[in-house]
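# Structural description and commentary
Residues per chain, in single letters:
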Amino acid sequence: MTGPAPGPGAAVPAAGPAPAVRRARTAVYAAFTLNGFAFSTWISRIPTVREDLGLSNSQLSFLLLALSVGSVLTMPLAGLVVMRLGRVRTVTAGVLAVATGLLTVAVGVDVVGSAALVAAGLFVQGAGTAAWDVAMNVEGAAVERRLGRSIMSRFHAGFSFGTVAAAGLGVLLLRLGVPTWAHLGTLALAVLAATLVAVRGFLAAPPAPEPGQEEPRGLALRDAWREPRTLLLGVMVLCMAFVEGTANDWLALGLVDGYGASHDTGVAGFAVFVVFMTVGRLLGPVLLGVMSRVAALRACAALAVVGVVVVVTAPSLPVALLGAAAWGVGAALGFPLGMSAAADDEAGAAARVSVVSSVGYAAFLAGPPLLGFLADHVDVLTALLAAAAASAVALALSSTARPPAGAVTVGSAPPTRVP
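This write-up is about the structure you can find in this document. (Residues numbered from 1 in each chain as written. Predicted model: local features only at pLDDT ≥ 70, side-chain atom pairs only at ≥ 80, totals over all residues. Heavy atoms only, no water.)

## Considering the nonpolar core
Core analysis: the largest hydrophobic core is formed by 118 residues, its most contacted members being W42, W132, L251, F273 and W327. If near-sequence neighbours (up to four positions away) are discounted, W327 is found in contact with V243, T246, A247, L251, F273, G307, V308, V311, L384 and A387. By size, the runner-up hydrophobic cluster in this structure holds five residues, among which are L219, L221, A224 and V355. (Core = buried A, V, L, I, M, F, W, Y, C linked by side-chain atoms within 4.5 Å. Buried < 20%, exposed > 50% of the residue type's maximum accessible area, 1.4 Å probe, protein only. Contact = heavy atoms within 4.5 Å.)

## Considering the pattern of salt bridges
Here the structure, examined in full by the defined rule, presents five salt bridges. The salt bridge involving E227 is made with R352; its shortest N-O contact spans 2.7 Å. Of this pair, E227 sits in the loop between α8 (221-224) and α9 (228-259) while R352 sits in helix α15 (residues 349-377); the two residues are 125 residues apart in sequence, bridging distant segments of the chain. (Salt bridge = Lys/Arg side-chain N within 4 Å of Asp/Glu carboxyl O. Helix = DSSP H or I, 4+ residues; strand = E, 2+ residues; numbered from the N terminus.)

## Some details on the packing of aromatic side chains
Per the stated rule, a full pass over the model turns up four aromatic pairs. Both rings, one in F32 and one in F155, keep their centres 6.0 Å apart while their planes meet at 15 degrees; by these two values the pair is stacked. Placement of F32 in helix α1 (residues 19-43) and of F155 in helix α6 (residues 152-176) is noted, with a sequence separation of 123 residues between them. (Phe/Tyr/Trp six-rings, centres within 6.5 Å; stacked < 30°, edge-to-face > 60°.)

## So, the side chain of S71
Secondary-structure assignment places S71 in helix α3 (residues 57-85). A distance of 2.8 Å separates a polar side-chain atom of S71 from the backbone oxygen of G126. Ignoring anything within four residues of it in the chain, the contact list for S71 reads G126, A127, A130 and Y361. (Polar contact = N/O pair within 3.5 Å; in protein donor to acceptor, adjacent residues only side chain to side chain.)

## Concerning helix α10 (residues 263-282)
Along its 20 residues, α10 runs 29 Å from first to last C-alpha, staying within 8% of the 28 Å computed at 1.5 Å per residue. Taken together, the buried positions of α10 are occupied by D264, G266, V267, G269, F270, A271, F273, V274, M277, T278, G280 and R281. (Expected span 1.5 Å × (residues − 1).)

## Remarks on α3
The first and last C-alpha atoms of α3 sit 40 Å apart over 29 residues, in line with the 42 Å expected at 1.5 Å per residue. Remark: G86 follows α3 within two positions and exhibits a positive phi of approximately 95 degrees.

Okay, here's the thing in structure tokens:
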């Protein structure tokens, strides 16, 4: 006699996810981790590059802008590229560009001593990161759906693990006096090789339609740009990306300039931020088990406001580091939950993730020059308060992440299981 069927999202007593889904889950974790590692490898060298090239804060901000421009210009097209080339080939093209960009930066800093060449390398790295980012988020949403559980924040925790590992390695290499060219060049090649292996585990592409059969079509990219919810999600993600990006680009410098910390201590402060952001992302699924997506976003945005204010106003460096920890936890869920919300409907996931990412990445375009301008008129530490303002706006927009009526969301269908 058979008992009643489990309801939507209920636990299914089975052996677990199908082998292909397990492989894909591991591959997505690897893709996120390696993406974060490549990004933070550059971040860990920012104070050194500023010094080696003799840049002012404003000049550094425009150098950082090159990476953002590469990302922002590529991001609107990334969804179309994913739909045309598939997720595996898009990530492959992205990591090739990232590795090329890092190698160019290494040559620009230590061999040529040219800020223009460094900017060119950062532009290429930014373009590759954008394509890689959209493709791995779409793949992550597909895996999340087949598992029947909301684990996107843990995929993004993989990104954070990568940034922690690269930041920690950066501190060690700085103390050992390893030159920029050796640091960036070696790790660029390592990331390239590892990512090419990882993408082999992605989910198989859907079979081609039979002759005479019409190919299924998802949401057109131009239509996604006309959806109010999608655009508002993009603005919310933009604000949280600004909160995260401000720490990535300026927290280490803020601690160096504002508290007289050494370069490696400043990078260690950035590592504190990343460690606690990683913890927040690991605990994301637990938090979503006791509160809604919207409530979780509101709690994180409010905590980020508090953390930034503590970093800026702390009476000592140890207290500022506590603020960096709170800032990290507060920044943890904005981007991953924004991506999950954009992918609530799988048929339009690639288009909507591309739009939300495009709007969100504008933070990386506007952030460096804005913070550089503020830093030159006040100081780097005080300029960080702009991140608190952005987090307050994200708090006000959090309700846009509520799933739309009728969407087939994670947990609404049985996960893929072994028969």
